[in-house]
Amino acid sequence: MLRLICFFFLTTLLLGCDPGQPSDSVDIDDFYPSGAAEPLTQREFDQLSPEDQYMVANKALSMMQKGIPVDEFFDISNGIDTLVIRENNFINDLRLDLRTSMSPVNKNAINDVIYGVNEQGLPDDNLAKYYFRRQEDEPRLLPLAQIMEYPVSRDMFAVWIAHFLANTILFSPAYEMESTDEVDILRVHDYLETKVLNGAPVRQIVLDFLPNISRWRVSRSAENHALEAYELYLGLFDTAEDSRKGGIACQEYYLKGADAGYQLAKTPFENTIPQTILEKYVVTSCQDLYTVIANHPLLMLRVTEVIANYFLDGLSSDRRLAVIEAIVNSGAVTFEDIFKGLLFSKAYLLDTERPISYENNLFSMLDRLRADRLGGGFYNENIFNAVAGGSFLTNRQENMKGMGWATSEYKIGRPPIVPMDAMSFANYHKAMREQLLGKPNVWDGGGERWNDQSPYQNHLGLVYEGYDNDDADADINNYKIRDDIAAMNLEQFFDYLFLTTLARRASAVEVADLQQYFIDNQSSWVRNPDDAGIYFVRDTSQEEVAEAVFDYISRLPEFYYQKAIN
Amino acid sequence: MKRRQFLKSIGVLGSRVTIPAGLTFGSLPNLAVAANIDYTSVGFSNAAMPRNNANQVIMPQVINIFLYGGPSELAGNLTNIVDIEDNSQNSYRTKFNDDNFLESTAAGGQVTANGFWQDAGGAEMETLLSNSDMSIYRTMLKQKSPTRSHRESIFMSQKGTVDIELTPGIGTRLATFMREYRSNFEGRRLADGTTIGTLEDLVLPFVSFEGETNAFALDPNNPLDVRLRANTLNEAFDNPYNRNSLFGDATQFAIADSAFDALVEKTQTALNYATRYPKAYDGFIARGELVDEIGQLQTAAKTALPTGANYPNNTFANRVKAAVTLALHNPSSFYITVGDGLGSWDDHNNGVERYPDRMQNVMQTMQAAMAHINGFTANTRATDNIVINVYGDFGRLVNLNGSNGWDHANNQNLYTFGGEGLPGRTLGQVVGETHRVGLSKDNNQFTMPIGIDAKGQGIANTYHFEPMALAATTYRYFGAQNTQPLTASPVFGETGDDPIDGLTT
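Described in the following lines is the structure provided in the data block. (Residues numbered from 1 in each chain as written. Chains lettered and ligands numbered in written order. Predicted model: local features only at pLDDT ≥ 70, side-chain atom pairs only at ≥ 80, totals over all residues. Heavy atoms only, no water.)

1. Here we look at the overall build of chain A
Short version of the rule: Counting from the N terminus, the helices are the DSSP runs of H or I reaching at least four residues and the strands are the DSSP runs of E reaching at least two. Relative accessibility thresholds used throughout: buried, under 20% of the residue-type maximum; exposed, over 50%; partly exposed, between the two (1.4 Å probe, protein chains only). For this analysis, residues touch if any pair of their heavy atoms sits within 4.5 Å. Using a 1.4 Å probe, accessible areas were evaluated by the Shrake-Rupley method; residue-level cover was limited to the displayed protein chains.
Along its length, chain A carries 26 helices and ten strands. A total of 566 residues make up chain A; the buried ones form 64% of that total. Taking contacts inside chain A between residues at least 6 apart in sequence as the whole, the part at least 24 apart equals 66%. As displayed, chain A offers around 19,800 Å² of accessible surface, 50% of which is attributable to carbon and sulfur atoms.

2. Notes on the environment of Pro416(A)
Residues and elements named next belong to chain A. Turning to its location among the elements, Pro416 is positioned in the loop between helix H20 (383-388) and helix H21 (422-437). Counting along the chain gives 284 residues from Pro416 to Phe132, while the straight-line C-alpha distance between them is 27 Å. Discounting residues that sit within four places of it in the chain, Pro416 has contacts with Asn309 and Tyr310.

3. Looking at the sheet that holds strand E7 (residues 412-418) of chain B
Residue and element names in this part refer to chain B. Rule in force here: For two strands to be treated as a pair, DSSP must find no fewer than two bridges joining them. Interaxial angles span 0 to 180 degrees and are taken between N-to-C directions of axes, which are lines fitted to C-alpha atoms, for helices over the stretch in contact.
Taken together, the eight strands give an open sheet; going across it, the order is E4-E3-E5-E1-E6-E7-E2-E8, and neighbouring strands pair in mixed fashion. Taken across any chain shown, the strands that pair with only one partner, and hence form the sheet edges, are strand E4 (231-232) and strand E8 (430-431). Sheet topology note: the strand E3 (residues 206-208)/strand E5 (residues 335-339) ladder contains three bridges and is parallel. Within the sheet, the bridge partner assigned to Val207 lies in E5 and is Ile336. On the sheet, helix H7 (residues 170-180) packs against E3 and E5 and is oriented at approximately 170° with respect to E3.

4. Quick word on the packing of helix H7 (residues 138-149) of chain A against helix H8 (residues 154-165) of chain A
Residues and elements named next belong to chain A. Our working definition: A crossing counts as left-handed when the near helix is turned anticlockwise from the far one by less than a right angle, and as right-handed when that turn is clockwise. Under the scheme applied here, ten amino acids are nonpolar (Ala, Val, Leu, Ile, Met, Phe, Trp, Tyr, Cys and Pro), four are charged (Asp, Glu, Lys and Arg), and all others, including Gly, are polar.
Packing of H7 against H8 leaves a shortest axis separation of 9 Å and a crossing angle of 145°. You can see that H7 and H8 cross each other, and the crossing is left-handed. In this structure, H7 uses Pro143, Leu144, Gln146 and Ile147 to contact H8, whose residues at the interface are Met156, Val159, Trp160 and His163. Considering only residue class, the contact of H7 with H8 consists of six nonpolar, two polar and no charged.

5. Here we look at the interface of chain B and chain A
Formally: Buried area is a sum: the accessible area each of two parts loses on coming together, probed at 1.4 Å, counted once for each and added. Put simply, a salt bridge is a Lys or Arg side-chain nitrogen that is within 4 Å of an Asp or Glu carboxyl oxygen. Definition of a polar contact: a pair of N or O atoms within 3.5 Å, with one able to donate and the other able to accept a hydrogen when the atoms are protein atoms, and with sequence-neighbouring residues admitted only if both atoms are side-chain atoms.
Listed by partner, the interface residues are 78 residues for chain B and 75 residues for chain A. A buried area of about 6,600 Å², summed over both sides, lies between chain B and chain A, and 57% of it is on carbon and sulfur atoms. Inspection of the chain B/chain A interface yields nine salt bridges. In this structure, Asp442(B) engages Arg244(A) in a salt bridge whose closest nitrogen and oxygen atoms are separated by 3.1 Å. Linking chain B with chain A are 33 residue pairs in polar contact (both at pLDDT 80 or more), by the criterion used here. Counting residues per element, the ones that place at least two in the side of chain B that touches chain A are helix H1 (3-9), helix H6 (150-159), E4, helix H8 (250-270), helix H9 (273-276), helix H10 (278-301) and helix H12 (351-374) of chain B.

6. What about empty space enclosed by the protein?
All names here are of chain A. Basically, it comes down to this: Cavities and pockets are defined on a 1 Å grid built over the protein atoms alone: a cavity is a set of grid points where a 1.4 Å probe fits but cannot escape, while a pocket is an open set with protein on both sides within 12 Å along at least five of seven lines, and lining residues are those with an atom within 4 Å of any such point. Grid points are joined across faces, edges and corners, and a volume is the space filled by probe spheres set on the points.
Applying the stated criterion to the full structure yields nine cavities of 30 Å³ or more. Estimated volume of the largest cavity: approximately 170 Å³. Arg368, Thr501, Tyr561, Gln562 and Lys563 are, among the 16 residues lining the largest cavity, the residues nearest its centre. Going through the elements one at a time, helix H3 (50-63), helix H19 (358-368), helix H24 (490-502) and strand E10 (561-562) are the ones with two or more residues in the lining of the largest cavity. Examining the composition of the lining of the largest cavity, we find that four residues originate from one element, H3, more than from any other. Its residues assigned to classes, the lining of the largest cavity comprises seven nonpolar, five polar and four charged. Elements with a minimum of two residues in the lining of the second largest cavity: H8 and H19. Tallying contributions element by element places H8 first for the lining of the second largest cavity, with three residues. Of the residues contributing to the lining of the second largest cavity, the split by class is seven nonpolar, four polar and three charged.

7. Thoughts on H7(A)
Residue pairs three or four apart in sequence face the same way in an α-helix, which turns once every 3.6 residues. Residue and element names in this part refer to chain A. Selection rule: An expected span of 1.5 Å times one less than the residue number is assigned to each helix.
In this model H7 runs 16 Å from its N-terminal to its C-terminal C-alpha over twelve residues, within 8% of the 16 Å that 1.5 Å per residue would give. Most of H7 sits inside the fold, with eleven of its twelve residues counted as buried. Along its buried surface, H7 packs onto helix H6 (104-115), H8, helix H9 (182-197), H19 and H20.

See the structure below:
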């Protein structure tokens, strides 16, 4: 009852605080764990320094492959020396957004843009914003497009949760296996997204997933189906005898071979002899086994543990365990509960310092850089192929596959600790440096595009006000420097770039050395109008200066980390 | 203590329905932190190290090929096939559509002279065996922790201990051992006659061709200099380590490159990058070191191969070829890991269709690798210091299940190749005898060393060893006198292992 009252109170409060929030309805309760998983409150957030608030905001958003630009978080119309926070209710608003459903009309409209739909309502590749190129790539690339295009909302949250879970050992469709195919990716993702949107409890989702053909295509035999159920959902790894008995309970099921399309088949020979598993549970049928797994006391701990290991890499094992137990003991029921418990926890937002994946870093940075998703280089209509490493652009290594974190690929899911071995990291660094930061057309806001239907026309960029292909002088000067950027001196411009990418200002040493570099080597890019030692960027050279500063920033280890405050 | 007993002893399993506060399965990693490894009690002796033609001690090189998923042992062990056929739920003769399946090759069947599976690489194995390029051990058995879990089995094999949580891998233990005994290594000759300067100046001493691997998991209790950690390469020796110019010409870029790197040096000291962001920090150091090395390897990879080095055309073979190329051209690559490439060996289903061809691919690759090594003459370097080991997570059940595959088991084969220059290493051997155990027509049928029953009880009257013994063997090649401290499992109260008989002194 208390939780219900809190819900109404908070809902009213939040809606009252931000009447301008998009549409449509508030669907479900929120989740506030206690103890070691205690969430960061708005008040605590407000007490952080402006830079730290911006860092924390992007830490929360980047986990969901989102970001917020400096000029959206701060009001920089009067400069950047004193940071004025534009958004003063970030935490509460984010919570509200994640509870707020998109209207079906909005959702359909966005998907129409992604897919391309003609006037007759039929798919038309020529009108599609993104190309998936190969049909088999679509199931694993589409969620990335939806996460990017949907506004922060419950619908986006559900897609992201499904994407996250489909990349863990819990629900991976294991595309690397011969017995699986792209339909399994589609099936698993759709199943998870639908269940999450319906508010299904974790236990129900596991119960209903165990008989799914996509689970069987990974486990492939009755005994291994039981063994993997114990491992995946209960965290029990020494179950030879229990697996044998579980296999007996499921003995009528088998997976057909390649020629038969790896279909799940059944014989009439159901087991009739009760089997005792896990020392106390008696099962006779496969459904009995599923029921034991789904209702087992270890299930919620195990599931939370798997998810937490991705969020909290870098925290001590003791802290991690305490957070996991706090979330479970606080009554988490759904995946939304678990993810919100982790996402808003102080343990994650303030205390965790860990490598951020290319996927999270890149997509968040695209938002923070005000990027044109169709701007050029890797990041064009094929952006998701380029990022995920689909069947297109296969000669490239600078993608999730080349970084050991491929999408919906591995049987055991992505490793919770982002791979940072020499080659994975080299690919990561190269992708961020040479395909994002080194491609001004992606982020400067001045890229001219052949497509006069581009959604990025008049899209505010990091430097320019956007471009306009309808401009009569389109080939000459169809874009101009943003007023707030033009007003910055060189040091302020450095701060703007550093805040955008690192959530901190440039240090005194960095300002001095970078300024000297430009004076000595790129003097045509800077000017010193009054000889008073205060340098400015020469008109229209902001793009070049930014590119050079980004080259430096790309070499900083912190650029590849989510940072802690404490 | 077995893992399950361990779980029970701390109350995780048993009859409890509710989980005691503060103690869940998730807490196991915390409890299972191994005690510090006592390197001082290992000791050093060069008696087991290889020697060159001038009888000078040189450094060994080991390539560890891990077949993820755990391949069936049947390719290398059909000695029990008649008994297996009699008791399997599904008939091998029927499923493989070969009435003579159980017969010897002389009689038109699949069983070779040494009990290999003819069409599953058996023909190649016979050649490798008769050429003394290979030995096979049929009884690598986990008794200290007889788990059938992939995770635990992989970790155990790649870390060389039962203490698998937050503990270092074999490569890291080896590197740390070398560091602790550096005076025994610095000044030591490599296979090409050159000598080691300081350990930290070695070129690519530890390399993975499989991305991150537990074989190089770091020791949280004993940090290792980044230059003694593993680097990752791929089979094409791709070079993502270079930086292209983002703006300006080559001269302008060189100036910017230098200026920005100098500023990074200042910043990383001021902001304590090495401690706060160690993985990216180390990644940049590796990048700087590898950017030039890769070019030389790309050139080496284009060298014509010796006669007989006919690698199949698949990812697995390409990786093995790259690993051998690296070992031959860079004798300071001491421990190299290779994995994957032929798809998972987790053949719960469809093994009938997929297994024989892939095992044949493995053995054809090994034939090519041995021809590559034995035929290499450049720099007059020794090549009999290179050892290649092939094995996986575990063996599989021998009952053909309803999905035409084999589920997880325990006992497995170790295929070991080359390295005939290592003292005490004898090739051309078939070691270990097995028998089938388990109830007839039950899925849970598997092989065990003769004398040991289905429950792991009894006294074996054939040689067998733990996977940790393979780690011990590797350490011994590099001079570890007492391998027990390196393979012990204090959390589980298990002592360490000695090297495998017949593979070292």
